[in-house]
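# Chain and residue survey
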Number of protein chains: 2
Amino acid sequence: MRFQEVVLKHVLTEVPNRHDFAITERSVPSPDGPGSLIVENICLSLDPYIGSRLRGRHMGEPAPAPGERMPGFSVCRVIDSDAAGFAKSDWVLGEIGWASAGRIDASKVRRLDSSLPSDAHLSVLGIPGLTAWAGITQLLKIKPGDIFSVDAASGPVGATAGQLAKSLGARVIGIAGGQMKCALATDYFGFDQCIDRLAPDFAAKFAEACGAGGPTAHFENVGLSILLPAMTRLAANGRVVLCGMIEHYHADQPPMIPTGLIIGKRAQMLGLVVYDFQSRQDEWHAMAKRLLAEGRLKYLCDEVQGVHSAPEQFERLMRGANQGKCLIRFTPDR
Amino acid sequence: MRFQEVVLKHVLTEVPNRHDFAITERSVPSPDGPGSLIVENICLSLDPYIGSRLRGRHMGEPAPAPGERMPGFSVCRVIDSDAAGFAKSDWVLGEIGWASAGRIDASKVRRLDSSLPSDAHLSVLGIPGLTAWAGITQLLKIKPGDIFSVDAASGPVGATAGQLAKSLGARVIGIAGGQMKCALATDYFGFDQCIDRLAPDFAAKFAEACGAGGPTAHFENVGLSILLPAMTRLAANGRVVLCGMIEHYHADQPPMIPTGLIIGKRAQMLGLVVYDFQSRQDEWHAMAKRLLAEGRLKYLCDEVQGVHSAPEQFERLMRGANQGKCLIRFTPDR
């Protein structure tokens, strides 16, 4: 049996595009002793942090070398098991990368409930949802009366953060790139307002949406182009989560914020790293399943078919052209 | 009756020195109708923020124009009152500036307890003490087990912050410029350790003093030369109060911190503006008087005599050459 994979062609020096990747074909290996699994890919997650990782700027993890497989997590189906407790057809979450199948150590996977959709495991119940939960409930501690702003508002973190903030009693102002994403934020995800960051009067419209007092809490997913105007409008004693800085992942200089803005606003700046909250995923799942059942939490995936689509889909993600959580579908859930 | 005052000679473009000021003499005015007080200066406070204010960079307050009196708060004695409830010999805190006497509106003063020393009113019970209290108890919320670091450790904010943190159960690491200030921090103020920021091996010594985990809470009074190494060593989920940035008050560029450092450390960055806490001074005074009585809180003033000493004393403050809270003594307390 053969499988396809995507490898990095060369060392990256700027924002990745589809031409930075090549598709190759290999043989599926056999289990290599106790504890190993052979899995097929059901659905692969493409995430903004991979852009940062390709430059060696993500949590100290090395960038893949030219010729190496692209990294990434997938919902996988076990097709051959040499590990106790894992049987054929079991679902696991594991990092086999951009590949239609692979071998993985059972100690490095997490078992998944195959009665739930694979796209939910990778979006609202996965890392993006956990990120939003951590920021909203553990760091910002959103409460009734908050004026909450979040950018990348139709993306999987922003959309979940906005819906959670709404469910906790905040007024929710989204920020997104373009009218279509803004419409998704308000009409599909139920944000109170969403401001187009690409419009020339963005700063004025954002200020107007937040009202005279400004946002009391802000969740940053993009970078300084949003963070600085949001902090300039921030209410005194406002809280700010720094989560993602996608617009700077390929910049020469690291993003910097003036200490005077933090002091002047009496702000609380809060750094969020989702990996710190992985042991608390059950808490988030309990809340998420309740909100999903009540229709108060929605998710949206931008899914394309097959490993050969991954380079172009990743380029779309890096350009912000995606609509919802970026996924690559390999096989149907059932 | 004549009085002396210090005026600014010219617009400042760099760190102020004694030659930027001139001493003039004027007549003490009479009360100008209901509500005004004529006061003599007992003791004037010189504060780092005045350096920032001289450049028009302090809370939006304008810099004094050339020929205008230097601003600053004093403990004053009423010598003539046209205000209900104020009698001759009453003590008030008011901003008459660098002058041996002046006229001030009674609505702009705060009555002081004249049974306490004037230098205590301007240091441990004044704005520096309140700043330390706000940072330690309201923002950092220091608790037993914290590893607490603070710079300008022998200064009035740093020394009070360190003693409060110690009284709340933290291990206290000071940072100060020079061996004499370090000795004051440990031997007089009771810090566990104090590291000389001017020593070539400062970063290594600081790291060693904090231990493998790094500081869990840091209080910043100086600027990036300390803040960046302290944040680099900060414990995960560490808290950082941004209070003063004296080393940048005369720089061309505002101080900036990389967002990656905040995110990587999962830090809480907390902006402190002491004016927000002025309505809560009684809470601080209750705690301070108890600690003072128990001998667990000390203060140290660097006092010189007479208005003509103010320019040189201010230059010393701006160079960090002072030992303790900078004051100008005009008349004895009693």
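Here the structure is a predicted model, which is why all the values come from computation and not from measurement.

Reading the values: the criteria
- Residues numbered from 1 in each chain as written.
- Chains lettered and ligands numbered in written order.
- Predicted model: local features only at pLDDT ≥ 70, side-chain atom pairs only at ≥ 80, totals over all residues.
- Heavy atoms only, no water.
- Axes fitted to C-alpha atoms, helices over the stretch in contact; angles between N-to-C directions.
- Helix = DSSP H or I, 4+ residues; strand = E, 2+ residues; numbered from the N terminus.
- Parallel < 35°, antiparallel > 145°, perpendicular 65-115°, else oblique.
- Left-handed = near helix turned anticlockwise from the far one by under 90°.
- Contact = heavy atoms within 4.5 Å.
- Nonpolar A, V, L, I, M, F, W, Y, C, P; charged D, E, K, R; others polar.
- Domains from an automatic or database assignment.
- Buried area = accessible area lost by both parts, 1.4 Å probe.
- Polar contact = N/O pair within 3.5 Å; in protein donor to acceptor, adjacent residues only side chain to side chain.
- Buried < 20%, exposed > 50% of the residue type's maximum accessible area, 1.4 Å probe, protein only.
- Least-squares fit on C-alpha atoms with pLDDT ≥ 70 in both.
- Pairing = 2+ DSSP bridges.
- Right-handed = clockwise from strand over helix to strand, strands pointing away.
- Salt bridge = Lys/Arg side-chain N within 4 Å of Asp/Glu carboxyl O.
- Phe/Tyr/Trp six-rings, centres within 6.5 Å; stacked < 30°, edge-to-face > 60°.

## Notes on the packing of helix 6 (residues 202-210) of chain A against helix 7 (residues 224-233) of chain A
Residue and element names in this part refer to chain A. Close contact between helix 6 and helix 7 brings their axes to 10 Å; oriented N to C, the two are set at 40°. Between helix 6 and helix 7, the interaxial angle falls into the category oblique. The two elements helix 6 and helix 7 meet at a crossing, and its hand is right-handed. Contacts between helix 6 and helix 7 involve Phe202, Phe206 and Ala207 on the former and, on the latter, Ile226, Pro229, Ala230 and Arg233. Classifying every residue of the contact of helix 6 with helix 7 by side-chain character gives six nonpolar, no polar and one charged.

## Let's talk about the domain arrangement of chain A
Residue and element names in this part refer to chain A. We note that the domain assignment places domain 1 (2-123 + 300-329) and domain 2 (127-277 + 286-292) within chain A. Of the residues lining the interface, 24 residues belong to domain 1; the matching set on domain 2 comes to 18 residues. The largest contributions to the domain 1 side of the interface with domain 2 come from Arg57, Leu300 and Gln323, which together make up 31% of the buried area. Remark: the boundary between domain 1 and domain 2 carries five residue pairs in polar contact (both at pLDDT 80 or more).

## Some words on unusual backbone geometry
Phi at Ser89 of chain A takes a positive value of approximately 80°, unusual for a residue other than glycine. Structurally, Ser89 of chain A can be placed in the loop between strand 4 (74-81) and strand 5 (91-94). Residue Ala152 of chain B is not a glycine yet carries a positive backbone phi of 50°. Looking at where Ala152 of chain B falls in the secondary structure, it is placed in the loop between strand 8 (147-151) and helix 4 (156-167). On the accessibility criterion, Ala152 of chain B (31% relative accessible area) is partly exposed.

## Some thoughts on the relation of the copies chain B and chain A
With an RMSD of 0.0 Å, chain B superimposes on chain A once it is rotated by 180° and translated 0.0 Å along the axis. Such a combination of rotation and displacement between the chain copies is what one expects of a two-fold axis. Relative to the rotation axis, the closest C-alpha in chain B is found at Met269 of chain B, a distance of 2.4 Å. In this assembly, 100% of the residues forming the interface of chain B have copies in chain A that are likewise at the interface, indicating an isologous arrangement.

## Re the sheet that holds strand 12 (residues 239-242) of chain A
Taking strand neighbours across the sheet as the criterion, the twelve strands line up as 10(A)-9(A)-8(A)-11(A)-12(A)-14(A)-14(B)-12(B)-11(B)-8(B)-9(B)-10(B) in an open arrangement whose pairing is mixed. In the strand order of this sheet, the two ends are held by strand 10 (193-196) of chain A together with strand 10 (193-196) of chain B, each with one partner. Strand-to-strand twist of the sheet, defined as the mean angle between neighbouring strand axes without regard to direction, takes the value 15°. Judged from the five bridges that link them, strand 8 of chain B and strand 9 (residues 171-176) of chain B form a sheet pairing that is parallel. When the bridges of strand 9 of chain B are listed, Phe148 of chain B appears paired with Val172 of chain B. Lying on the sheet, helix 4 of chain B is in contact with strand 8, strand 9 and strand 11 (217-220) of chain B; it crosses strand 8 of chain B at an angle near 170°. Here helix 5 (residues 179-188) of chain B sits on the sheet in contact with strand 9 and strand 10 of chain B, set at roughly 170° to strand 10 of chain B.

## Description of the pairing of strand 9 (residues 171-176) of chain A
Residue and element names in this part refer to chain A. Among the six residues of strand 9, five are classified as buried, and the element is accordingly described as predominantly covered. Relative to strand 10, strand 9 runs parallel, the two being bridged by four bridges. Residue pairing for strand 10: Gly174 is matched across the bridge by Cys194. Each parallel crossover has a hand, and the one from strand 9 via helix 5 (residues 179-188) to strand 10 is right-handed.

## Let's talk about the environment of Ser74 of chain A
All names here are of chain A. Within the secondary structure, Ser74 sits in strand 4. Along the primary structure Ser74 and Lys325 are separated by 251 residues, whereas in three dimensions their C-alpha atoms are 13 Å apart. In contact with Ser74, not counting residues within four places along its chain, are Asn41, Cys43, Leu44, Val92, Leu93, Gly94, Ile96, Gly97 and Leu122. Here Asn41 takes part through its side chain, which lies 3.0 Å from a polar atom of the side chain of Ser74.

## Examining the interface of chain B and chain A
On the chain A side, the residues contacting the 21 residues of chain B number 21 residues. When the two sides are added together, the surface that chain B and chain A hide from each other amounts to roughly 1,900 Å², 65% of it contributed by carbon and sulfur. It is Thr259, Ile263 and Arg266 of chain B in chain B that bury the most area against chain A; as a group they hold 31% of the surface buried on that side. For the interface between chain B and chain A, the tally reads two salt bridges. A salt bridge links Asp276 of chain A to Arg266 of chain B; the shortest N-O distance between them is 2.6 Å. Where chain B meets chain A, there are eight residue pairs in polar contact (both at pLDDT 80 or more). Mapped onto the side of chain B that touches chain A, the elements with two or more residues apiece are strand 13 (256-258), helix 8 (259-264) and strand 14 (268-271) of chain B.

## Re the packing of aromatic side chains
Residue and element names in this part refer to chain A. This structure, assessed with the given rule, holds twelve aromatic pairs over all chains. Measuring from centroid to centroid gives 5.9 Å for Phe21 and Phe314, while their planes differ by 80°, and the two rings are edge-to-face. Residue Phe21 is found in strand 2 (residues 21-27), and its partner Phe314 is found in helix 10 (residues 310-319); the two are separated by 293 residues along the sequence. Here Phe21 matches Phe314 in class, with each residue buried.

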